[in-house]
Amino acid sequence: MQRPVNRIDPALPVQAYQTYQITSPRDTSVVAACEQVGCPQWRHGWDSVIDERTELGATQAQYIRTQARRTFRELKTEAGLTVFRFESGQRCFAEHRTRPEIYLVRDGDWRGNPTGRKRQHTRAADWVEDMAENQLRLVENQRKG
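Structure report, in brief. Being a predicted model, the structure only gives us computed values, none of them experimental.

### Focus: the sheet that holds strand S8 (residues 118-121)
Then step 1. With antiparallel pairing, the three strands of this open sheet are ordered in space as S1-S7-S8. Only two strands of the sheet have a single partner each, and these edge strands are strand S1 (18-23) and S8. Here the average twist between neighbouring strands, direction ignored, is 20°.
Then step 2. Where strand S7 (residues 102-107) lies against S8, four bridges are found, and the strand directions are antiparallel. Looking across to S8, one finds that Val105 is bridged to Arg119.
Then step 3. Its contacts with the sheet put helix H4 (residues 124-144) on S1, S7 and S8, and the angle it makes with S1 is roughly 160°.

### With respect to the sheet that holds strand S5 (residues 82-86)
Then step 1. As summarised here, the arrangement of the three strands in space is S3-S5-S4, forming an open sheet in which the pairing is antiparallel. The open sheet has two edge strands with one neighbour each: strand S3 (46-50) and strand S4 (72-76). Put simply, the sheet's adjacent strands are angled 20° from each other on average, direction ignored.
Then step 2. Bridge count between S3 and S5: five bridges; the pairing is antiparallel.

### Examining the packing of aromatic side chains
Then step 1. Evaluation of the coordinates by the stated rule reveals eight aromatic pairs.
Then step 2. Both rings, one in Trp46 and one in Phe86, keep their centres 4.6 Å apart while their planes meet at 15°; by these two values the pair is stacked. Placement of the pair is Trp46 in strand S3 and Phe86 in strand S5, with a sequence separation of 40 residues. The burial state of Trp46 is the same as that of Phe86; both residues are buried.
Then step 3. Ring centres of Phe72 and Phe84 lie 5.3 Å apart, and the angle between their planes is 75°; this geometry places the pair in the edge-to-face category. With Phe72 in strand S4 and Phe84 in strand S5, this pair connects stretches of sequence that are twelve residues apart.
Then step 4. Phe72 gets classed as partly exposed once you look at its relative accessible area, which sits at 25%.

### Examining the environment of Thr77
Then step 1. Within the fold, Thr77 resides in the loop between S4 and S5.
Then step 2. Judged by relative accessible area, which is 31%, Thr77 ranks as partly exposed.

Cut-off values and rules
Residues numbered from 1 in each chain as written. Predicted model: local features only at pLDDT ≥ 70, side-chain atom pairs only at ≥ 80, totals over all residues. Heavy atoms only, no water. Pairing = 2+ DSSP bridges. Helix = DSSP H or I, 4+ residues; strand = E, 2+ residues; numbered from the N terminus. Axes fitted to C-alpha atoms, helices over the stretch in contact; angles between N-to-C directions. Contact = heavy atoms within 4.5 Å. Phe/Tyr/Trp six-rings, centres within 6.5 Å; stacked < 30°, edge-to-face > 60°. Buried < 20%, exposed > 50% of the residue type's maximum accessible area, 1.4 Å probe, protein only.

Quick look at the structure:
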């Protein structure tokens, strides 16, 4: 059961408000870059330890050396294993997924959108900038009286 929402009665008509909202579609995920999801390998780098004496290990090492297109140093352990040490700031080998965010701005408030006007920003930074500019307009209008 959902708790009832306690709202203060608005001082102005619904047309005087704008709503800024971030939502995510249900049951939707998208492939994301390491940086977007805070991947620790991207942040700190990582080691891939490979046994090239096995067929799988030989295939993995060949891929890393010739096709991976990542920066690494190659080391050997006393046990004969190959260590590929990857620098931070580059894509790891995992496929990351995240839920997309939708950055909306619409006229009105919880009572409705009387104009039907709404817009969707494609980048979070643009949504934040829009909201900051709106806040500045409110402060300036309040100073003017």
